[in-house]
Amino acid sequence: MKIQFIGGARTVTGSCYVLDTGRHQILIDCGMFQGNKELDQWNEQDFPFDPVKIAAVVLTHAHIDHSGLIPKLCKQGFAGSIIATHSTAELCSIMLPDSGHIQEAEAEWYNRKRRRRGRPEIKPLYTEEDARRCLSRFKGIPYDEYTEVVPGITIRMRDAGHILGSAIVEMWVKESEESGTCKLVFSGDLGSKRQAIVKDPAFIDEADYVFIESTYGDRLHGERVDRSEILGGIVRTIQEQGGNIIIPSFSVGRTQEIIYELSELLHKGKIAPLPVFVDSPLAIEATRIFRRNQEVFDEESQQYLRQGVDPLSFPGLQFVESVEESQRLNRVVSGTIIISSSGMCEAGRIKHHLKHHLWRPKSHIVFVGYQAQGTLGRRIVDGAKRVRIFGEDIKVSAQIHNIEGFSAHADQAGLLEWLAGFVRQPKKVFIVHGEEDVSLHFAKIVNETLGLDAHVPYRFETVTYGEAIEVTAHVLAEKEQSELPSGLAHALENVKLASLEVQNILQSQALSSAQKQEVLERLAACVEALEQMAQDCEV
C-alpha cells in the first residue's frame, strides 16, 4: 500500500492524497491550490496520476481547497463515485459551479487583453457546465456509518466541526485476504471547539497512521467570548463615531458564523440594531443549505431553534443578490456592516468594497479567517500601507482588525488535544495542510509534547506501508533553465542595474513624504506593467 502527497504538503491549499493498494487507487480530497501565482499555475499542471484509473474520491468537506479540482478530474476521465457527507454533497452543488463560473470569468478577462494584442486565447481550467456535470458522481452518506468505498477499503465519516458537513475520515484498508487491516485517519480540516452552529470535532480512539492538518499549528486563538466582545466593540464604535464595517468572509461556514454572532449580540442587547448586508450570491445559497440541514447543528443552535429563534436571521439582515444592489452599497458611507466574499480578498465583490473603503479612516476592515501567503488579504493583515485593486493604487487608511478567534480551524492547543485523544497511539503522524515553517514547527511540538513520530511530507513524496513504513526520499526538482532571447536577457540586466541604482539613491538621500509616495506609485506601476506583459507572452 502506498500514499502519495499531491497537495496540502508544506502548503495550506490543494489538499489531495492518492492511496494505492495495488488493486485500487482512490483519492482523499482533490483540492485547488490558492494563493500566489506559482500555486495558481499548479492547478494547470497535469495530474501526476491517471484520472481514469482512480476508482473513487473520498471528500472531507466542500471548501474549494479540498474539492476545487474535482471538475477537472472528471473532465479528464474520472468515472467513479465521489463519497462525502450529505451536507458536503449539497454544498458542492453550489460551490463547484460557482468556481467554474469564476474560472470562465477570469479567462475572459485575460482574453479581452490578449485579443487586443493579437494573442491566442487561453481556456478556463473548467467551466460552470463542467462542474455541473460532475455533480451526478456525488454519493452522500451519513456521519458515523461504515461505507465500503471499493473492495478492501471501508470508511466512516466523523464530524470534524469545521463547516457544515465536514468530516474526519476513518479508513480501514485490507490489501488482500491474507493481509491484516491497516487503519488510516485523515483529519480533514479540524474545527475549533465551541464554534457556532457546528458540533465540536469528534475524537478518534485508534489509528495506525494519522494525517493531520496544521493551518494554525504555531499559534493560539482568542476565546470565543473575546472574539464576540471584539466584534461587538467594533460595531459600537461605528454606531457612535460613524463609518462602515467591511468583513471579507468565506461564503460557506464563516459567513453563517458571523451572522450567528451578530444575532447573539443583538439578542443580548450588546449592540443596537443596524443594517447588515450579505453581499455574496454563494453565501446566500449556502445559508439556505444550512437552514435545510439543521439536524446536524450543535446543541446551542438546536436550543435556539426549540425556542423559536432562528440563529441565522435577525432584524436588519439583508441579502444582496444582484450586481446593481451590490454597487449601491458603495454609496453608503456610514452605519452598516457589509459581509462579502472572497474571504482572502482575491476575487468577487469584496474587492469593490475594499476599493471604496480602505482609504476611509473611519472604515473598519475586519478579517475573520485565514489569509494565505500571496493574497490581497494577507498583504493587508501584514500591514501594507498601499495596495493595488483593479489597477488602482489604494492607500490603506482604514482601521484593520484580525480576529483569529473566529477561525474555523483548530489552533495548536486544539490540534494537540485531538491527537492526545487517541487511546492507541498511531505509529506515525503526517503533518499536512500548513505553510512549511508552521508544519515543521508543529511536527516538533507533536514529537516533544506527545512523543509521537511526526513527519512533514514534501509534495509528490510517496509513503509505502509494509513490514516497516518506508518514506521515499524526496528530491526537489531543479528549476528548468531556459535560455532567454538575447535582447530580453540584456533588457532584464538593465532593469537589475537600474534597480540597484534606485536603491543607492534611496539610501543616500532623505525624501519627503510626497517624494516617497511618488517613488512607491511609480515602482508599483512598473511592476504591474511588467507582470501584465509577462502574462501576455506565449511560452
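Model, not experiment: these values are computed from the prediction.

Q: Would you explain the side chain of Ser 439 in this entry?
A: Here Ser 439 lies in helix H14 (residues 436-450). Within polar-contact distance, the side chain of Ser 439 engages the backbone oxygen of Gly 434 at 3.4 Å. With residues near it in sequence (within four places) discarded, Ser 439 still touches Ser 214, Ile 431, Val 432, Gly 434 and Val 456.

Q: Any chance you could explain the pattern of salt bridges here in plain terms?
A: If the charged atoms of two oppositely charged side chains come close together, the side chains can form a pair. Across all of its chains, the model carries 32 salt bridges by this definition. For the salt bridge of Glu 129 with Arg 133, the shortest nitrogen-to-oxygen distance reads 3.7 Å. Of this pair, Glu 129 and Arg 133 both sit in helix H5 (residues 128-134), four residues apart, which is roughly one turn of that helix. Given a relative accessible area of 44%, Glu 129 falls into the partly exposed group. One salt bridge connects Arg 424 with Glu 206, and the closest N-O pair in it is separated by 3.3 Å. With a gap of 218 residues between them, Arg 424 in the loop between helix H13 (412-420) and strand S20 (428-432) and Glu 206 in the loop between strand S10 (181-186) and strand S11 (209-213) connect regions that are remote in the sequence. Because the salt bridges share partners, they merge into one network encompassing Asp 144, Arg 156, Arg 158, Glu 170 and Lys 183.

Q: Is there a simple way to explain helix H11 (residues 350-357) in this structure?
A: Looking at H11, one finds that the buried residues are Ile 350, Lys 351, His 353, Leu 354 and His 357. End-on view of H11: buried residues confined to an arc of 160°, all on one side of the axis.

Q: I keep staring at the nonpolar core and nothing clicks. Help me out?
A: Soluble globular proteins tend to pack their nonpolar side chains together in the buried interior. Counting residues in hydrophobic clusters, the biggest one holds 101 residues, and the most contacted among them are Leu 19, Ile 26, Met 171, Leu 184 and Leu 262. What Leu 262 contacts, discounting residues up to four positions off in sequence, is Leu 231, Val 235, Ile 271, Val 276, Phe 314, Ile 337 and Ile 339. Residues Val 210, Val 429, Ala 443 and Ile 445 belong to the second largest nonpolar core, which totals 22 residues.

Q: Honestly, the sheet that holds strand S5 (residues 81-85) in this entry has me stumped. Any pointers?
A: Backbone hydrogen bonds are what pair the strands of a sheet, in a parallel or an antiparallel way. Across the sheet, eight strands lie side by side as S6-S5-S4-S3-S2-S1-S22-S23; this open sheet has mixed pairing. The sheet is open, and its two borders are formed by strand S6 (138-141) and strand S23 (470-471), each paired with just one other strand. Lying on the sheet, helix H4 (residues 86-116) is in contact with S5 and S6; it crosses S5 at an angle near 115°.

Q: It is not clear to me how the environment of Gly 405 should be interpreted in this structure. Could you clarify?
A: Here Gly 405 shows up in the loop between strand S19 (399-402) and H13. For Gly 405, a relative accessible area of 10% translates into the label buried. The sequence separation of Gly 405 and Arg 227 amounts to 178 residues, and the corresponding C-alpha distance is 5.5 Å.

Q: What am I meant to see in the pairing of strand S9 (residues 167-174) here?
A: Taking burial as the measure, the eight residues of S9 include six buried ones, the bulk of the element. With seven bridges connecting them, strand S8 (residues 153-159) and S9 associate as antiparallel partners. Each bridged residue has a counterpart across the sheet, and for Ile 155 the counterpart in S9 is Met 171. As defined by bridge partners, S9 adjoins S10 across six bridges and the pair is classed as antiparallel. Bridge pairing in S10 links Glu 170 to Val 185. Where S9 folds back on S10, the antiparallel hairpin that results is connected by six residues.

Q: Looking at this structure, I do not really get the packing of helix H7 (residues 254-267) against helix H8 (residues 281-292). What am I missing?
A: Helix packing geometry: the angle between the two helix axes and the distance between the axes. Taken N-terminus to C-terminus, the directions of H7 and H8 make an angle of 70°; their axes are 9 Å apart at the nearest point. It follows from the interaxial angle that H7 and H8 lie roughly perpendicular. Between H7, through Thr 255, Gln 256 and Ile 259, and H8, the contact on the second element is made entirely by Ala 283, Ala 286, Thr 287 and Phe 290. Split by residue class, the contact of H7 with H8 holds four nonpolar, three polar and no charged.

Q: I tried to follow the environment of Gln 34 on my own but got confused; where do I start?
A: With respect to the helices and strands, Gln 34 occurs in the loop between strand S3 (25-28) and helix H1 (37-44). Gln 34 sits 340 residues away from Gly 374 along the chain, and the two C-alpha atoms are 9.0 Å apart. Not counting residues within four places of it along the chain, the set of residues in contact with Gln 34 comprises Thr 13, Leu 39, Asp 40, Ile 64 and Asp 65.

Q: How should I be thinking about the packing of aromatic side chains in this particular structure?
A: By convention here, two paired aromatic rings are described through the distance between centres and the angle between planes. Scanning the model with the defined rule gives 13 aromatic pairs in all. An angle of 25° between the planes, with centres 6.2 Å apart, marks the rings of Tyr 17 and Phe 186 as stacked. Here Tyr 17, found in strand S2 (residues 16-20), pairs with Phe 186, found in strand S10; they are 169 residues apart in sequence, far enough to count as distant. Each member of the pair, Tyr 17 as well as Phe 186, is classed as buried. For the pair Tyr 260 and Tyr 304, a centre-to-centre distance of 6.0 Å together with 80° between the ring planes defines the contact as edge-to-face.

Q: What is the right way to read the sheet that holds S20 from this model?
A: With mixed pairing, seven strands are arranged side by side in an open sheet as S7-S8-S9-S10-S11-S20-S21. Looking at strand neighbours, the two that pair on one side only are strand S7 (146-150) and strand S21 (454-455), the edges of this open sheet. Pairing of S20 with S21, which is carried by two bridges, proceeds in the parallel orientation. Note on S21: the bridge partner recorded for Phe 430 is His 455. Its contacts with the sheet place H13 against S9, S10, S11 and S20, and it is angled at close to 165° to S11. Contacts between H14 and the sheet are confined to S11, S20 and S21, with S20 contributing the most and set at about 155° to the helix.

Q: Teacher, can you tell me more about unusual backbone geometry here?
A: Keep in mind that most residues, glycine aside, have a negative phi and that most peptide bonds are trans. Following Ser 341, the chain continues to Ser 342 via a peptide bond in cis, the omega torsion being 15°. Along the chain, Ser 342 turns up in the loop between strand S15 (337-340) and H11. The backbone of Asp 29 shows a phi angle near 70°, a positive value even though the residue is not glycine. Inspection of the secondary structure puts Asp 29 in the loop between S3 and H1. Judged by its relative accessible area of 2%, Asp 29 is buried. The backbone of Ile 197 sits at a positive phi, close to 75°, despite the residue not being glycine. Residue position: Ile 197 is located in the loop between S10 and S11.

Q: Please clarify how a nonpolar patch on the surface should be interpreted in this entry.
A: Together, Leu 484, Leu 488 and Leu 492 make up a nonpolar patch on the protein surface, roughly 260 Å² of accessible area in all. By the secondary structure assignment, Leu 488 is in helix H15 (residues 486-508). Under the relative-accessibility criterion, Leu 488 is labelled partly exposed at 42%.

What counts and what doesn't
Sequence order as written defines the numbering, with residues in each chain counted from 1. Only residues with pLDDT of at least 70 are given local features in this predicted model, and only at 80 or more are side-chain atom pairs given and counted; all residues enter the totals for whole chains, interfaces and linings. Water and hydrogen atoms were dropped before computing side-chain values, which therefore reflect all heavy atoms in the structure. In this text, helices come from DSSP runs of H or I with a minimum length of four residues, and strands from runs of E with a minimum of two, each type numbered from the N-terminal end. We define a polar contact as two N or O atoms separated by no more than 3.5 Å, with the added condition that, inside protein, one atom must be a possible hydrogen donor and the other a possible acceptor, whereas residues neighbouring each other in sequence contribute only through side-chain atom pairs. In what follows, residue pairs with any heavy atoms lying within 4.5 Å of each other are defined as contacts. Every case where a carboxyl oxygen of Asp or Glu lies within 4 Å of a side-chain nitrogen of Lys or Arg is listed as a salt bridge. Using a 1.4 Å probe on the protein chains alone, a residue whose accessible area is under 20% of its type maximum counts as buried, one over 50% counts as exposed, and one in between counts as partly exposed. Here the arc refers to the set of directions running from the helix axis out to each C-beta atom. Residue types Ala, Val, Leu, Ile, Met, Phe, Trp, Tyr and Cys, when buried and joined through side-chain atoms within 4.5 Å, form a set referred to as a nonpolar core. When DSSP finds two or more bridges between a pair of strands, those strands are recorded as paired. Each axis is a line fitted through C-alpha atoms, and for a helix only the stretch in contact is used; angles between axes span 0 to 180 degrees, taken between their N-to-C directions. Here roughly perpendicular refers to angles of 65 to 115 degrees, roughly parallel to angles under 35, roughly antiparallel to angles over 145, and oblique to all remaining angles. Ten residues, namely Ala, Val, Leu, Ile, Met, Phe, Trp, Tyr, Cys and Pro, are considered nonpolar, four, namely Asp, Glu, Lys and Arg, are considered charged, and the remaining ones, Gly among them, are considered polar. Pairs were defined over the aromatic rings of Phe, Tyr and Trp, the Trp ring being its six-membered one, requiring ring centres within 6.5 Å. Orientation was assigned from the angle between planes: stacked under 30 degrees, edge-to-face over 60, tilted for the rest. Within this analysis, patches are made of residues with over 30% relative accessible area and no salt bridge. Like charges are joined at 9 Å or less; nonpolar side chains (Val, Leu, Ile, Met, Phe, Trp, Tyr) at 5 Å or less. To be clear on the numbers: accessible area is Shrake-Rupley with a 1.4 Å probe, and residue cover counts the displayed protein chains and nothing else.

What is shown is where atoms sit, not what they do.
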